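Each chain, letter by letter, is given below.
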Amino acid sequence: MLFLAVTAAGVHGTFLGYVQAGAEAAMVGGVADWFAVTALFRRPLGLPIPHTALIVERKDQFAATLGQFVQENFLNADVLAERIRSARLVPQLAAWLTDQGNAARFAGRAADLVVTLAEALRDEDVQRVLTAELARAVDAVEVAPLAGRALRVVIAGGHHAELFNAIVSAADHYLADHQVELRERFEADSPRWVPDAVYRRIFDRLYTRLRYRLAVMAADPDDEARHQFEEWLAQLPDRLETSPKLRERGERFKRDVLGSAALRDWSSSLWEKAKETLRAQAADPESELRRRLAEALTAVGRRLGSDRQLQESVERVVESGARALADQFHDELAGLVTGTIHRWDAAETSNQLELLLGRDLQFIRINGTVVGAGVGLALHAIALALA
């Protein structure tokens, strides 16, 4: 508008000449930058001008170039290794773990993670695995020879006397707890023609004598029954280890136990108790689990901070791991970038980018106008000076 006004009025004087030259150059600069900026996103005025709508036309090439750029500059094994070395991750980790507050927080997160993983597992699957592993471990061991070796240890340690006393004591306790039941069974088996009082008297006499005999056996270290038991027990380990019949009985007993519902119920209750313990320990900041984890993490931090050789070893492991990941997945990750951009709608992508950069694009046009005006004024001044 300024250019049209000055031109329509006619150029009179040096000042208006500068105004006309500046306005003309500003108009050319603004239009040129408008065209350049618009050409990035669409065809100016809808005209099929070559090398316009660059983002729409070159989206796929841009995707391939960006994927290659990410691959070469971010997923390159050498670049990653250098970044890891310069970041000094291991010393920083050591210093962070040495702080007891950090170790306690990390221990809490670790305990919560363990609980989450435990809750994510199906109880049926865990029970099946526990039962299968227990069965596999037990199935690999013969029961009879193992029992024989255990008895040898008991005898060598002089515990056979305690075993005899325990058996006698258990028998005495059973008699004491089941006196009425045993009397009723004894009387139930008596002939009808014998008075109940007679059988009751016989039972009481047998019962009293039997308990007295058990008490004598337990108290007398030289009792004949004790010696007979010790002789039988001394021969039992060899029989358990060599007798085919006892071996077969042991294996049959083992198969019955492994196939029983009691074992499955036990493994299920074991898992449930383990989960309950984990939940309780993870929820309590003062629990043994979290305290032990925090102490272990602090100890690891101190060791990492003081042992230079260990630091270098861990750094080499981290660097090797980063190199392996980069070599293994850099093509896939670069392809992910490229494929993602390929799937974008070209026109929508161009519109979104233009809206995102709208304010900066306007300043580009304004700057073009201002710079154009400055260049026009300079050229006009040079032209006048030469004239």
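Conventions we followed
- Residues numbered from 1 in each chain as written.
- Predicted model: local features only at pLDDT ≥ 70, side-chain atom pairs only at ≥ 80, totals over all residues.
- Heavy atoms only, no water.
- Helix = DSSP H or I, 4+ residues; strand = E, 2+ residues; numbered from the N terminus.
- Buried < 20%, exposed > 50% of the residue type's maximum accessible area, 1.4 Å probe, protein only.
- Contact = heavy atoms within 4.5 Å.
- Salt bridge = Lys/Arg side-chain N within 4 Å of Asp/Glu carboxyl O.

(A) Layout of the environment of Glu241. One can find Glu241 in helix α13 (residues 224–242). In this structure Glu241 comes out as partly exposed when scored by relative accessible area, which is 22%. Linking Glu241 and Pro145, residues 96 residues apart in sequence, is a C-alpha distance of 4.3 Å. Setting aside chain neighbours within four positions, we find Glu241 in contact with Pro145, Gly148, Arg149, Arg152 and Arg247.

(B) Focus on the side chain of Gln311. One can find Gln311 in helix α17 (residues 308–343). When its relative accessible area of 6% is taken as the criterion, Gln311 is described as buried. Those residues in contact with Gln311, other than ones at most four positions away along the chain, are Val90, Pro91, Leu304 and Gly305.

(C) How the structure looks around the pattern of salt bridges. Within this structure, the stated rule accounts for eight salt bridges. With a closest N to O distance of 2.8 Å, Arg213 and Asp223 form a salt bridge. Of this pair, Arg213 sits in helix α12 (residues 196–219) while Asp223 sits in the loop between α12 and α13, placing them 10 residues apart in sequence. Under the relative-accessibility criterion, Arg213 is labelled partly exposed at 34%. When the shortest N-O distance is used, the salt bridge between Arg303 and Asp307 registers 3.2 Å. A relative accessible area of 49% means that Arg303 is categorised as partly exposed. Bridged by salt links that share partners, the residues Glu288, Arg291, Arg292 and Glu295 form one connected network.

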